Amino acid sequence: MTDHKFPYKWHLKNGYPAKDINYHGCKVFGTFVCGGGSTMGYKLAGFKHIGGVEIDEKIATVYKENHNPDYFFTEDIRLFNEREDLPSDLYNLDLLDGSPPCSSFSMAGNRDKDWGKKKKFKEGQKMQRLDDLVFEYIKTIKKLQPKVAILENVKGLIQGNAKAYTKKIFQEFRAAGYRVQLFLLNAASMGVPQKRERVFFIGLRNDFKLPKLELSFNEKPILFGEIEDKNDTKKNISDTMFDIWQKRDIKDRHLGYTTERILGVKKYFTCHYQLSNEVCKTITSGDNNILFDTPRNINNNEVKLIGSYPLDYNFKDVKPKYLIGMSVPPVMTAQISNQIYLQWLKHIK
């Protein structure tokens, strides 16, 4: 861990910011804050995170338990945008962050079949369009006018038919008064023990004349074997899955490859094999990660390390893998925001 700027193994009780990072107190507010992955990243990088917006009451309770925000709104971003009673702090932000739900753009989802349709998303359990939430968030940017705005989403947003959305996002950022840049980043090169590619639209308000942001991260990959709990050897997969697991081959990437080879039918394709000599695959709220060498799923402590979440985080009654699977890893956000401070905010604060 000494080769990494921010720790992936850490505890909330040790406080913020991370070691060797100065607290500068630039103000951040978040939207779609989920359990607080990005929030913790900003704090690790020396920012003052003052609160957020989250539609899911259950997840919002977890957030408030761990972060004690100054301002918090448990509501749809559309309702937040209509508010006329927002505190003055929100109109004087150094940075605004947003990670709109991304299932409509995920390469694993229905993609364009769901675009323009309302669906019942788990956060909030209400019918709503998901593909337009990125534009609702840009309305938030236009309303609050922070110095810097970040929009994070899945890689699928810039692939295939979704490229039209990317073009519109650029147009809307510009219309809101921002010069925007697009970055495709992998958490595995940023000190996170996980292959997680994400897209970041980062906008600087037009009245600040600064050079373009440069983001390049090349930290040493952290292999799963470095965080694996080798004391956990108990089988915890079903007997059916265990029978399939026993017939695995090193070339099989998930159980679906194994069933296709031995049964001629691809089943359990969301159950991925995890090798010790590889970086962990992307953690999602729905997929399973099964160790190749031990018939078990990754355990909660491993999930926290993979997501760079603090080991003492209070998840209350929410499963860690569900929440972490929806979160931007704190260390990923810390790396990006630290560069934004050094290259931009430090010169305009």
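Predicted model, so just to flag it, every value in this text is computed and none were measured.

What counts and what doesn't
Residues numbered from 1 in each chain as written. Predicted model: local features only at pLDDT ≥ 70, side-chain atom pairs only at ≥ 80, totals over all residues. Heavy atoms only, no water. Patch = residues over 30% accessible without salt bridge, like charges linked within 9 Å, V, L, I, M, F, W, Y side chains within 5 Å. Areas by Shrake-Rupley, 256 points an atom, 1.4 Å probe, with all protein chains shown as cover. Salt bridge = Lys/Arg side-chain N within 4 Å of Asp/Glu carboxyl O. Helix = DSSP H or I, 4+ residues; strand = E, 2+ residues; numbered from the N terminus. Buried < 20%, exposed > 50% of the residue type's maximum accessible area, 1.4 Å probe, protein only. Pairing = 2+ DSSP bridges. Axes fitted to C-alpha atoms, helices over the stretch in contact; angles between N-to-C directions.

A surface patch of nonpolar side chains, amounting to about 250 Å² of accessible area, comprises I262, L263 and V265. Within the secondary structure, I262 is located in helix 8 (residues 255-263). Accessibility expressed as a relative area gives 34% for I262, which makes it partly exposed.

One pass over the structure, following the stated rule, counts 18 salt bridges. Residue D70 pairs with K48 through a salt bridge whose shortest N-O separation is 3.7 Å. Within this pair, whereas D70 is found in the loop between helix 2 (57-67) and strand 3 (71-73), its partner K48 is found in strand 2 (residues 48-53), the two being separated by 22 residues in sequence. Note that E75 is salt-bridged to R83, the shortest N-O span being 2.8 Å. Among the residues examined, E75 registers a relative accessible area of 14% and is labelled buried. With relative accessibility at 24%, the residue R83 sits in the partly exposed group.

Spatial ordering of the open sheet is given by 3-2-1-4-7-9-8, a layout of 7 strands whose pairing is mixed. Since the sheet does not close on itself, it has two edges, and those belong to strand 3 and strand 8 (178-186), each with one partner. Averaged over neighbouring strand pairs, the angle between their axes works out to 20° when direction is ignored. Here 7 bridges tie strand 7 (residues 148-154) to strand 9 (residues 197-205), and the two strands are oriented antiparallel to one another.

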